Amino acid sequence: MKSIAKLALGGVIAAGLVAGPTLAGDNMKTAKLASYKVVDDIAIPEPLAGKKGDPARGEKLFVARKKGNCLACHKVEQLKQHLFHGEIGPELSDVASNMTPAEMRLRLVDPKIVNPETIMPSFHKVKGLHRVMKKFKGKPVLSAQEIEDIIAFVQTLKMPKQAKK
Ligand code: HEC
């Protein structure tokens, strides 16, 4: 009786850990993935692989349909020269006023740690994904450098105070 109770408890603990530290372990074994440390389930404070982002490159990756394709789900006022902004995710025009780069990094690398139900893709992960297209198998959608470039761009997204609705 006692041992069954213990087993059940062990199961719960193991399940709780799956989304956390074990992922970092998996990633370290996969050459193309940068290792990283998730803090408090909301942020990755250190730049991936110590890389510095470039906002101009980040903007190109953000809009590129075969890279970030972020506009498919997010509206961005500053990018209105591009057509077709999706509304599945929240508008990002002022996101830098409300979010730190560390929080953005986790959102991009593995948003399911923040919200297990999210439909936002994990852009720097290869394990535990479903319905991955053949050409992306074993490769993250965005490299460590590309993630940092996009963060550098997203950090520029702030609306002037008086223009806020
Ligand atoms: C398939 C749709 C989809 C795509 C593509 C997508 N996102 Fe998201 N994103 C979402 C949804 C939905 C949320 C809302 C939060 C949640 O579900 O947890 C979100 C949340 C966010 C947030 C947090 C915003 C906030 O105010 O909390 C950021 C930042 C973000 N996305 C950035 C990006 C960037 C950058 C890209 C491109 C690399 C991207 N997203 C691509 C759907 C998407």
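Scroll up for the structure.
Everything numeric in this text was worked out from a predicted model, so none of it was measured.

Caption draft 1: Main features of the overall build of the protein chain. Secondary structure summary: the protein chain contains 5 helices and 0 strands in total. Helices (α) and strands (β) of the protein chain occur, in sequence order from the N terminus, as α-α-α-α-α. The proportion of buried residues among the 165 residues of the protein chain is 33%. Of the accessible surface of the protein chain, which amounts to about 10600 Å², a share of 62% is contributed by carbon and sulfur atoms.

Caption draft 2: The arrangement of the side chain of Asp149 in detail. Relative to the helices and strands, Asp149 is located in helix α5 (residues 144-154). Aside from chain neighbours lying at most four places away, what touches Asp149 is Lys52, Gly53, Asp54, Pro55, Arg57, Gly58 and Leu61.

Caption draft 3: Representation of the nonpolar core in the model. Phe62, Ile147 and Val154 are the most contacted members of the largest nonpolar core, which has 28 residues in total. Looking at this core, the elements that each hand over two or more residues are α3 (55-63), α4 (101-109) and α5. Top contributing element to this core by residue count: α5, with 6 residues. Apart from residues lying up to four places away in sequence, Phe62 is in contact with Gly68, Asn69, Cys70, Leu71, Val76, Leu79, Leu92, Ile150, Phe153 and Val154.

Caption draft 4: Broad picture of the site of the ligand. Around the ligand, 21 residues are found, and the nearest of them are Cys70, Cys73, His74, Thr118 and Met120. One of the side-chain nitrogen or oxygen atoms of His74 is found 2.8 Å away from a nitrogen atom of the ligand. In the environment of the ligand, an oxygen atom lies 3.0 Å from a nitrogen or oxygen atom belonging to the side chain of Asn115. Listed by contribution, the elements that provide at least two residues to the shell around the ligand are α4 and α5. Partitioned by chemical class, the residues of the shell around the ligand number 14 nonpolar, 6 polar and 1 charged.

Caption draft 5: View of the coordination of the iron atom of the ligand. Bound to the iron atom of the ligand on the protein side are His74 (NE2) and Met120 (SD), at distances that span 2.0 to 2.2 Å. Each of the 6 donor atoms around the iron atom of the ligand contributes to a set of angles spanning 86 to 179 degrees, which defines the coordination as octahedral. Remark: Met120 occurs in the loop between α4 and α5 and His74 occurs in the loop between α3 and α4; sequence separation between them is 46 residues. Given the relative accessible area of 10%, His74 is considered buried.

Caption draft 6: A look at the packing of aromatic side chains. Applying the stated rule across the entire model yields 1 aromatic pair. Centre to centre, the rings of Phe62 and Phe153 are 5.3 Å apart; their planes meet at 70 degrees, and the pair counts as edge-to-face. Placement of the pair is Phe62 in helix α3 and Phe153 in helix α5, with a sequence separation of 91 residues.

Caption draft 7: Representation of the packing of α3 against α5. Contact geometry of α3 with α5 gives a least axis separation of 7 Å together with a crossing angle of 100 degrees. Between α3 and α5, the angle falls in the class roughly perpendicular. On α5, the residues that touch Pro55, Arg57, Gly58, Glu59, Leu61 and Phe62 of α3 are Gln145, Glu146, Asp149, Ile150, Ala152, Phe153 and Val154. Residues that form the contact of α3 with α5 fall into these classes: 7 nonpolar, 2 polar and 4 charged.

The rules behind each value
- Residues numbered from 1 in each chain as written.
- Predicted model: local features only at pLDDT ≥ 70, side-chain atom pairs only at ≥ 80, totals over all residues.
- Heavy atoms only, no water.
- Helix = DSSP H or I, 4+ residues; strand = E, 2+ residues; numbered from the N terminus.
- Buried < 20%, exposed > 50% of the residue type's maximum accessible area, 1.4 Å probe, protein only.
- Areas by Shrake-Rupley, 256 points an atom, 1.4 Å probe, with all protein chains shown as cover.
- Contact = heavy atoms within 4.5 Å.
- Core = buried A, V, L, I, M, F, W, Y, C linked by side-chain atoms within 4.5 Å.
- Near = heavy atom within 4 Å.
- Polar contact = N/O pair within 3.5 Å; in protein donor to acceptor, adjacent residues only side chain to side chain.
- Nonpolar A, V, L, I, M, F, W, Y, C, P; charged D, E, K, R; others polar.
- Donors = N, O, S within 2.8 Å, 3.2 Å for Na, K, Ca; no water.
- Tetrahedral: all angles 85-135°; square planar, octahedral: opposite > 155°, others 65-115°.
- Phe/Tyr/Trp six-rings, centres within 6.5 Å; stacked < 30°, edge-to-face > 60°.
- Axes fitted to C-alpha atoms, helices over the stretch in contact; angles between N-to-C directions.
- Parallel < 35°, antiparallel > 145°, perpendicular 65-115°, else oblique.

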